[in-house]
Amino acid sequence: MKEVNGINLENIHTPAYLLDERLLVKNLDLLKRVEDETGAKILLAQKGFSMFHVYPIISKYLAGTTASSFYEAKLGAEEFGGETHIFEPAYSDEDIDQILEVADSIVFNSIAQLGKYKEKALAAGCEVGLRVNPEYAEVEKDLYNPCIPGSRFGVTRAVLDAGLAANPDLLDGVSGIHFHCMCEQNSDTLDHVLDHVEEKFAEYFSMDSIKWINFGGGHHITRPDYDIELLEKCIKRMADKYHAQIYLEPGEAVGLNTGFMITKITDIREPVEVGDGLIVRPAILDASAACHMPDVLEVPYKPEIIGAKEPGQAAYTYRFGGNTCLAGDIIGDYSWDHELNIGDIIVMTDMAHYSMVKNNTFNGLRLPDILSYNNTDGIKIVRSFGYEDFKNRLS
Ligand SMILES: *Cc1c(COP(=O)(O)O)cnc(C)c1O
């Protein structure tokens, strides 16, 4: 691959994450349309995408950020502006004061945490919300399902009722309700989730003191087959019924299909038969699944490579692996009509979200450069990493 979307790749120092700002703006246009058409506010969930170099672009479209830790909240307040929201599974005495300095809105995950920090949060001028758990989700993998039995996320109806029985003032000062039950899903799932959330919590949504409802993340709004019309119906349904400001906080949908992993082949080994007559050539890349795209191993999934076919479909099949000593650091099998060579550039798609935020220097591998492209500036090297970045995380 010598170019992608008209961007010349030949002089890129690999490995690198390359964000195409034109694709980001396309996603943001769509998200802004949802905000304009429904009155909902959309927050960037920084857990999925924290490339703050482009926060000045994103902040023209979205209302603010949400964070899952003090550092993310501080980053959002410093680099994005707008509204700074936070949800943490449990706040600590060590962090709470710093959090309340930067956050406009704080969501608590349990009755005990709400009781412990509510007054402090209100005194700091922060809006206070409670995360509820409707005990319903359509997420198949437990790793990504916050509503499995025994989940540590949100307050179930039974727990909330018991909390109120013990302390009738529990919800005084609480102005919002938050739930997050989705992962990479379409709006039909949201529609079902809302049915369950309402069945369990409608009487709480109806309280005069509740001013906002946050639908969490996991909305795959920017993927081609996403049903925007139904999303807008869902938002209006809840906004009208409960006279509430609706928030959505997608991470993935902001960065979806906006970035690439640019990597080079550093070695190609002898062909071997691996079963069913399939002959593969193990090849080593200067990028690693374990270090630079851990979701490939964690989800797991096989990234799309531009120009490649399925294994065995074309004459030459390659098994791409990373440059670590972890045997399972395998990206996947791909085939081409022609032979590949050492030094060839390989381009993986959809590498902007849950990549940079999750990478690591395991095995002493260098972190990929972070690049950004726009029509005015061309390719910009936003940041490159070296030995010090590895050393500074150790002692
Ligand atoms: C992870 C998370 C998000 C963002 O989820 P995406 O799948 O990236 O849209 C939003 N809110 C909460 C509470 C989360 O945990």
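Residues numbered from 1 in each chain as written. Predicted model: local features only at pLDDT ≥ 70, side-chain atom pairs only at ≥ 80, totals over all residues. Heavy atoms only, no water.

What follows deals with the site of the ligand. The immediate surroundings of the ligand are formed by A45, K47, R131, H178, H180, G217, G218, E249, P250, G251, E252 and Y354. Side-chain polar atom of K47 to an oxygen atom of the ligand: 2.8 Å apart, as the coordinates give it. Separating a nitrogen atom of the ligand from a side-chain N or O atom of E249 is a distance of 2.7 Å. In isolation the ligand has 390 Å² of accessible area, and contact with the protein removes 88% of it. Taken together, the residues of the shell around the ligand sort by class into three nonpolar, five polar and four charged. (Near = heavy atom within 4 Å. Polar contact = N/O pair within 3.5 Å; in protein donor to acceptor, adjacent residues only side chain to side chain. Areas by Shrake-Rupley, 256 points an atom, 1.4 Å probe, with all protein chains shown as cover. Nonpolar A, V, L, I, M, F, W, Y, C, P; charged D, E, K, R; others polar.)

Glancing now at the nonpolar core. Nonpolar side chains in soluble globular proteins generally cluster together in the buried interior. Residues I58, L62, I106, L160, F179, F215 and F320 are the most contacted members of the largest nonpolar core, which totals 97 residues. No other element matches helix α8 (residues 228-242), which puts eight residues into this core. The residue makeup of this core includes at least three contributed by each of domain 1 (3-18 + 259-351 + 359-392) and domain 2 (39-255). Within the second largest apolar cluster, 13 residues are counted, among which are A16, L18, I345 and V347. (Core = buried A, V, L, I, M, F, W, Y, C linked by side-chain atoms within 4.5 Å. Buried < 20%, exposed > 50% of the residue type's maximum accessible area, 1.4 Å probe, protein only. Helix = DSSP H or I, 4+ residues; strand = E, 2+ residues; numbered from the N terminus. Domains from an automatic or database assignment.)

A few words now on the pattern of salt bridges. The full count for this structure, using the stated rule, is 23 salt bridges. The residue D225 makes a salt bridge to R223 at a minimum N-O spacing of 2.6 Å. Of the residues examined, D225 reaches a relative accessible area of 52% and is grouped as exposed. Ionic contacts of the salt-bridge type, sharing partners, join the residues D191, D195, E198, R237 and K241 into one network. (Salt bridge = Lys/Arg side-chain N within 4 Å of Asp/Glu carboxyl O.)

On domain assignment, one finds that the protein holds domain 1 (3-18 + 259-351 + 359-392) and domain 2 (39-255). Look at where the C-alpha atoms of domain 1 and domain 2 centre, and you get two points 35 Å apart. Every contact between the two is made by nine residues of domain 1 and, on the other side, seven residues of domain 2. For the pair domain 1 and domain 2, the summed buried area comes to about 590 Å², and 52% of that belongs to carbon and sulfur atoms. Interface area lost by domain 1 to domain 2 is led by E298, V299 and V382, which between them contribute 52%. Between the two partners, domain 1 and domain 2, sit zero salt bridges. In this assembly, domain 1 and domain 2 are joined by three residue pairs in polar contact (both at pLDDT 80 or more). Those elements that provide at least two residues to the side of domain 1 that touches domain 2 are α11 (295-298), β18 (369-374) and β19 (378-383). In terms of residue count, the dominant contributor to the side of domain 1 that touches domain 2 is β18 (three residues). Across the side of domain 1 that touches domain 2, the residue classes tally to four nonpolar, one polar and four charged. (Contact = heavy atoms within 4.5 Å. Buried area = accessible area lost by both parts, 1.4 Å probe.)

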